[in-house]
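# Coordinates in review
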Amino acid sequence: MYSSHRTTVSFLVALFSIAGTINFIEAARNNRHVTCGTVLKLVNTDYKVRLHSHDVKYGTGSGQQSVTATELQEDVNSHWAVKAATGKHCERGEPVKCGDTIRLHHLATNKNLHSHHFQSPLSGNQEISAYGDEHGEGDTGDHWLVVCSGDSWVRTNPVRLQHIDTDMYLGVSGRTFARPINGQMEVIGLPNPYPGTEWIAAEGLFIHPTEKDSGAHVHTEL
C-alpha cells in the first residue's frame, strides 16, 4: 500500500510539474505583447533615447508641455501608459493590435502624448507636446495609430506611431536642447517613415492577457 501511495504522489507531482511548465510557457508567450494598461518606456531604435516629458513648457509654438527624448534609462519621467482612444475602452491585458488607435498617457504629469500644426522649436518640423486637463483627458490630437507588422504589437519588434489628425510619424530629430533641459533630444512629427521614427518597448510593467481579471502582472525593470 505504501508503494502504491508513493507512486500516486509521484504521479501527481509530475502532473503538476507538467501543468506548471505549460502555464509558464503560456505566460511567456502572452507576455510577448504590449497590452492595454501596460506602462512602458519607448526607445528610439536609431538614437537609443527614451521618449520623455516633464513639467517644462515650450517657449515657442503651442506653449504646451514639452516632450523630449533622454539617454537616461532610470528617469521616472519616461513612463507612459497605453490607453484606448478618447471615449473608447480596451480590456486591461488585451494585446494592442497593429492598426489600433491608442493614447500614451504620461504618468508623472497626467498628460497625453499630443501633436498639432505647430512648428517644433529646433528643427522646424511638427511639434510634439503633452496635453490634457486635470483628469488626464485631452482631444483627438492625442490619438496615435500603431504601425507594425503582423497581428499585434510585439515587445521585441519596432513599431511606428502615426498621428491620426496630421498623419505625421513620431520621431527624433537628433538635435539637442540647451537649458533647462540640456542634452535632451528634440522629439518631432515627420511626414514619412524616415530614420528616427521606429520605437521599441523597453523597460516597463506588462500586463498578462490571461491574468487581467486577477490583477496579476509581470514587469521588467522600470
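Only a predicted model underlies this, so the values are computations on that prediction, with no experimental measurement involved. (Residues numbered from 1 in each chain as written. Predicted model: local features only at pLDDT ≥ 70, side-chain atom pairs only at ≥ 80, totals over all residues. Heavy atoms only, no water.)

Scanning the chain for helices and strands turns up one helix and 13 strands. When the helices and strands of the chain are listed from N to C terminus, the series reads α-β-β-β-β-β-β-β-β-β-β-β-β-β. The 222 residues of the chain split such that 43% are buried. Put simply, of all contacts in the chain between residues at least 6 apart along the chain, 63% involve residues at least 24 apart. Carbon and sulfur atoms provide 54% of the accessible area of the chain, an area that totals close to 11300 Å². (Helix = DSSP H or I, 4+ residues; strand = E, 2+ residues; numbered from the N terminus. Buried < 20%, exposed > 50% of the residue type's maximum accessible area, 1.4 Å probe, protein only. Contact = heavy atoms within 4.5 Å. Areas by Shrake-Rupley, 256 points an atom, 1.4 Å probe, with all protein chains shown as cover.)

Moving on, we come to the packing of aromatic side chains. The full count for this structure, using the stated rule, is zero aromatic pairs. Residue placement shows Arg155 over the ring face of Phe206; its charged tip is 3.7 Å from the ring centre. (Phe/Tyr/Trp six-rings, centres within 6.5 Å; stacked < 30°, edge-to-face > 60°. Lys NZ or Arg CZ within 6 Å of the ring centre and 35° of its normal.)

Here we come to the confidence of the model for the chain. A residue-level look at the chain finds 80% of positions with pLDDT of 70 or above and a mean pLDDT of 85. Low pLDDT, under 50, characterises residues 1-30; the stretch is placed with three contacts to residues that sit more than four places away or in other chains. (pLDDT = per-residue confidence, 0-100.)

Under the criterion given, the structure shown has four salt bridges. Here Glu137 and Arg103 are joined by a salt bridge, their closest N and O atoms 3.4 Å apart. Of the two residues, Glu137 is situated in the loop between β7 (126-131) and β8 (144-147) and Arg103 in strand β5 (residues 101-106); the sequence distance between them amounts to 34 residues. On the basis of relative accessible area, Glu137 is assigned to the partly exposed category, the value being 37%. Residue class for Arg103 comes out buried when judged on its relative accessible area of 7%. (Salt bridge = Lys/Arg side-chain N within 4 Å of Asp/Glu carboxyl O.)

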